[in-house]
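Each chain, written out:
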Amino acid sequence: MENTKDLTEHSSRSERKRRDSFGMFDGYDSCSEDTSSSSSSEESEEEVAPLPSNLPIIKNNGQVYTYPDGKSGMATCEMCGMVGVRDAFYSKTKRFCSVSCSRSYSSNSKKASILARLQGKPPTKKAKVLQKQPLVAKLAAYAQYQATLQNQAKTKSAVSMEGFSWGNYINSNSFIAAPVTCFKHAPMGTCWGDISENVRVEVPNTDCSLPTKVFWIAGIVKLAGYNALLRYEGFENDSGLDFWCNICGSDIHPVGWCAASGKPLVPPRTIQHKYTNWKAFLVKRLTGAKTLPPDFSQKVSESMQYPFKPCMRVEVVDKRHLCRTRVAVVESVIGGRLRLVYEESEDRTDDFWCHMHSPLIHHIGWSRSIGHRFKRSDITKKQDGHFDTPPHLFAKVKEVDQSGEWFKEGMKLEAIDPLNLSTICVATIRKVLADGFLMIGIDGSEAADGSDWFCYHATSPSIFPVGFCEINMIELTPPRGYTKLPFKWFDYLRETGSIAAPVKLFNKDVPNHGFRVGMKLEAVDLMEPRLICVATVTRIIHRLLRIHFDGWEEEYDQWVDCESPDLYPVGWCQLTGYQLQPPASQSSRESQSGSSKQKKKAKSQQYKGHKKMTTLQLKEELMDGEDYNFLQGASDQESNGSANFYIKQEP
């Protein structure tokens, strides 16, 4: 908000004499409070282009697939418009290509669904994962992509936040939010200090009828992340005018700011006659009380300055082929989160979201240096204004010593499945790269050519020694098709002739992170990383957090490291201007409750579900011939940190 001019510029000399050293103004002008109204506009709706009528009947493995959708084994997702094999679709009704599309459809209006299909991307959470599909599914989805490409919008839709308030949500349920100090990567995360309940601040006085902005002193009643529940001084135990605000907002000031700035302190109209000497009241109340540091607003501003700038070039995971990296350009920076546009995207809509400290982005040349797969760009030279990001801006990593005992190919371990972040699976080290990186495959679901390997660093908190799940009472997902249940590591190692990776090689550091079960926060949906959602910590295993998205079933939960840059304090979206996805209502989940229960029953017995590919990946998948696999010998140096590394390797 913009501060108005000082009341002294609009008041008479006699009124100015009535102010004291506190900047107080002990009188009211008689005027009515301004009111305002808002209007809304309707968005236009368009019809989705139908599938081409001349598509042929295609035979695949002896089975006939025909069009239009729903006939002879094909289906079209009612949320995103993807066409694929009906048997691979989610739920008994086969209406959606994934669980995320199902919940997106149920939580949005018909209009939002239509707009999402026109744009080629759903406006809400949608899992984007890879799995080898029959050729017919690829052709069908690509045909749908071509049919809708001409109607794609240049901007994205967002879920409406109308009706959701963190303050009301926390108050009505007595929730507790994770403190800002839990998030070292967030603004003020390392310099929050001892801001707590009973700290006094100067804030705008909304309970008055003066023609200009005036202030009053309030105390923090409750703290929830960046948000504080404030009560004006003088109300004692009366919570009638309590209000929530973001403590880092531009209208929140330390006590004394009004006097230094020449702003008037005016007691709220409701209690203006409660005391005859407000100055004496404030002196008594504020003696010995705490307030914000004088440079608090400056620190907030400094902590929201980010070194990454638009036009910087980076190497980032290819969202269509998670096994490799591509060159992308920083399009925008919001709160340290980067919107990256792949360098070959002509209309600049082919983007990817991640935090600047994400392990998914690297300096130009990183892939070559460790032997990671890389997709060469069709662009032979840098575009005007684009420049390589300095390597020192990327997250610093913990060094490892590979000269002694180290990971070897064939060793067994447990790992978070990057394509299903709610599960920890039986896994195998398939290849050892340079600088401490490991190519890992999920047992029982690997392709013969290793196309479903993924990359984790040796220090990643997403890989664990054999027995980790059993010791910590976590459900371990056995290899798909493995029949000797319950799964026993001893028997499995003997049957496969394998050895377990030594426990001492894993990252055992557990920071004093401060998270507690039940704490609220804002968390990125890592299966659709442009979305940040209302979430809850439901379980803590050392440094590993189980993140639940409020309003959704447990199968959508994700295992996340306590230091992940994809977790934020309550109020982060409001502070940075990012869109927050609200919790799903009970009514929006009723349509999928039956299928969710059936999914839970099968969850403990096998690797979870078929992974769907996105329609936007098909052209390259069908005509892929420009991948380069850089080879380099083993290295004794390490270059990645402990954050999660969601890579699926396809050499």
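Preceding block: the structure.
Residues numbered from 1 in each chain as written. Predicted model: local features only at pLDDT ≥ 70, side-chain atom pairs only at ≥ 80, totals over all residues. Heavy atoms only, no water.

Undergrad: Describe the nonpolar core, naming the residues involved and giving the relevant values.
TA: Counting 108 residues, the largest nonpolar core has W192, I247, C248, F296, F407, I424 and I547 as the members making the most contacts within it. Residue contacts for W192: discarding those within four places in its chain leaves V180, T181, L223, G225, Y226, I247, C248 and F296. Counting 20 residues, the second-largest nonpolar core is a separate cluster that includes A328, L340, M356 and F394. (Core = buried A, V, L, I, M, F, W, Y, C linked by side-chain atoms within 4.5 Å. Buried < 20%, exposed > 50% of the residue type's maximum accessible area, 1.4 Å probe, protein only. Contact = heavy atoms within 4.5 Å.)

Undergrad: Describe the pairing of strand β6 (residues 200–204), listing the residues and the values that go with them.
TA: Buried residues dominate β6, accounting for 5 of its 5 residues. Two strands pair when backbone bridges link them, and β6 and strand β7 (residues 215–224) are joined in this way by 5 bridges, in the antiparallel orientation. Pairing of E202 across the sheet is with I217, part of β7. In the sheet, β6 pairs with strand β10 (residues 253–254) via 2 bridges, with the strands oriented antiparallel. Across the sheet, residue E202 finds its bridge partner in β10, namely H253. (Helix = DSSP H or I, 4+ residues; strand = E, 2+ residues; numbered from the N terminus. Pairing = 2+ DSSP bridges.)

Undergrad: Which residues make up the pairing of strand β26 (residues 544–549), and what values go with them?
TA: The buried fraction of β26 is high, at 6 of 6 residues. Residue alternation in β26 divides its side chains into two sets, L544, R546 and H548 and L545, I547 and F549, and both sets are buried. Relative to β26, strand β25 (residues 532–541) runs antiparallel, the two sharing 6 bridges. Within β26, the position partnered with I541 by the bridge is L544. Between β25 and β26, which pair antiparallel one after the other, the connecting turn spans 2 residues, and H542 there sits at a positive phi close to 60°. For β26 and strand β27 (residues 558–561), the ladder comprises 4 bridges, and the chain directions are antiparallel. Residue pairing across strands places R546 opposite W559, the latter belonging to β27.

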